[in-house]
Amino acid sequence: MTPEEFYDALAEKNITLSQFQKQQFEDYFHFLIEWNEKINLTTITEKKEVYLKHFFDSIAPILFDFLSNKPITLLDIGAGAGFPSLPIKIIFPDIQVTIIDSLNKRIQFLTLLAEKLQLKSVSFYHGRAEDFGQNKAFRGQFDVVTARAVARMSVLSELTLPFLKINGQVIALKASAIEEELSDAKNALTTLFAKVTESFDYQLPNGDPRNITLLTKTKETPNRFPRKAGVPNKKPL
């Protein structure tokens, strides 16, 4: 997907990028490749692939009308090189973005990237989601939590739901259909007071399968969750 094809695909959804936004994506690409030589951020480095498999893939919540350009609070767990939240932020600048990542070098990259792209209302924190999920400054504070290919739903639900306000949503971006994951996660969702409100499969323009699943938080998460760092992965609910 060339940049022009990326712009055209957005235009089909009535999203027109300004020259400044186009330059932000271009600068994002070059900065990503530059830093990828210093730390391992991505195995996808060809420009057409980055625009398709990182930028276009990240903005699926916009393309399918799950997000709009409002000053909501969005937390991205395990964003790595900033996906999906920073491409979303470029297109919808009114969204307030917070990223938590366990690798400090990635946080350094993201901080410098945000300065380069002149992004406002973005915050980056180094640490584990399990630890921040027990921090009152973060727990129950967000309208939306995004996670792209982070963990199976039985684990992901424990890592994300504690951060949400009641009726807030997890937007999970997956590489393929997840019926089995959702079946395995039934106990976790019941325990954490959440429900699946939407799950559907789609394809990238090149035919690669993808899935978006939305979880909605229905009650306050019990205080004992999330458990200590590493436990959700070792012992899923």
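Residues numbered from 1 in each chain as written. Predicted model: local features only at pLDDT ≥ 70, side-chain atom pairs only at ≥ 80, totals over all residues. Heavy atoms only, no water.

An unreviewed UniProt entry lists the chain under the name Ribosomal RNA small subunit methyltransferase G, with Streptococcus zalophi given as the organism. What the UniProt record of the chain gives under Sequence similarities (unreviewed entry) is the line "Belongs to the methyltransferase superfamily. RNA methyltransferase RsmG family." (UniProt positions renumbered as here; feature names shortened; annotations may be inferred.)

> What's the story with unusual backbone geometry in this structure? I'm lost.
Omega for the bond connecting Phe83 with Pro84 falls within 30 degrees of zero, at 10 degrees, which places this linkage in the cis form. In the segment running from Phe225 into Pro226, the intervening peptide bond is cis, with an omega of 0 degrees. Among the structural elements, Pro226 can be located in the loop between β7 (209-217) and α11 (231-234). We note that Asn167 has phi near 75 degrees; this positive angle belongs to a residue other than glycine. Structurally, Asn167 is set in strand β5 (residues 164-174). On the accessibility criterion, Asn167 (59% relative accessible area) is exposed. A positive phi angle, near 60 degrees, is found at Phe193, a position not held by glycine. Checked against the element boundaries, Phe193 lands in the loop between α10 (186-192) and β6 (194-203). (Helix = DSSP H or I, 4+ residues; strand = E, 2+ residues; numbered from the N terminus. Buried < 20%, exposed > 50% of the residue type's maximum accessible area, 1.4 Å probe, protein only.)

> Is there a simple way to think about the sheet that holds β7 in this case?
Backbone-to-backbone hydrogen bonds pair the strands of a sheet. The strands run either parallel or antiparallel. The sheet built from 7 strands is open, its strands ordered β3-β2-β1-β4-β5-β7-β6 with mixed pairing. Edge positions in the sheet fall to β3 (122-126) and β6, since each of these pairs with one other strand and no more. For this sheet, the mean angle separating the axes of adjacent strands, direction not counted, is 20 degrees. Alignment of strand β1 (residues 73-77) against strand β4 (residues 142-148), held across 3 bridges, turns out to be parallel. Within the sheet, the bridge partner assigned to Leu75 lies in β4 and is Val145. Those strands touched by helix α6 (residues 104-117) are β2 (96-101) and β3, and its axis lies near 165 degrees from that of β3. (Pairing = 2+ DSSP bridges. Axes fitted to C-alpha atoms, helices over the stretch in contact; angles between N-to-C directions. Contact = heavy atoms within 4.5 Å.)

> What exactly am I supposed to notice about the packing of helix α2 (residues 19-36) against helix α3 (residues 47-58) here?
Angle between the axes and distance between the axes are the two parameters that describe a pair of packed helices. Where α2 contacts α3, the axes come no closer than 11 Å and their chain directions differ by 110 degrees. Looking at the two axes, α2 sits roughly perpendicular to α3. In this structure, α2 uses Phe25, Glu26, Tyr28, Phe29 and Leu32 to contact α3, whose residues at the interface are Lys47, Val50, Tyr51, His54 and Phe55. A per-class count over the contact of α2 with α3 returns 7 nonpolar, 1 polar and 2 charged. (Parallel < 35°, antiparallel > 145°, perpendicular 65-115°, else oblique. Nonpolar A, V, L, I, M, F, W, Y, C, P; charged D, E, K, R; others polar.)

> Looking at this structure, how should I read helix α1 (residues 3-11)?
For an α-helix, the turn length of 3.6 residues means that residues three or four places apart are oriented alike. Buried residues of α1: Pro3, Phe6, Tyr7, Ala9 and Leu10, and no others. Taken around the axis of α1, the buried residues stretch over an arc of 160 degrees, which confines them to a single face. Buried residues in α1 make contact with α2, α3, α4 (60-63) and α5 (85-91). (Arc of directions from axis to C-beta.)

> Quick question: what am I supposed to make of the side chain of Thr42 here?
Structurally, Thr42 is set in the loop between α2 and α3. Polar side-chain contacts of Thr42 include one of 2.9 Å to the backbone nitrogen of Ile44. The residues touching Thr42, leaving out its near neighbours within four places in the chain, are Leu32, Asn36 and His54. (Polar contact = N/O pair within 3.5 Å; in protein donor to acceptor, adjacent residues only side chain to side chain.)

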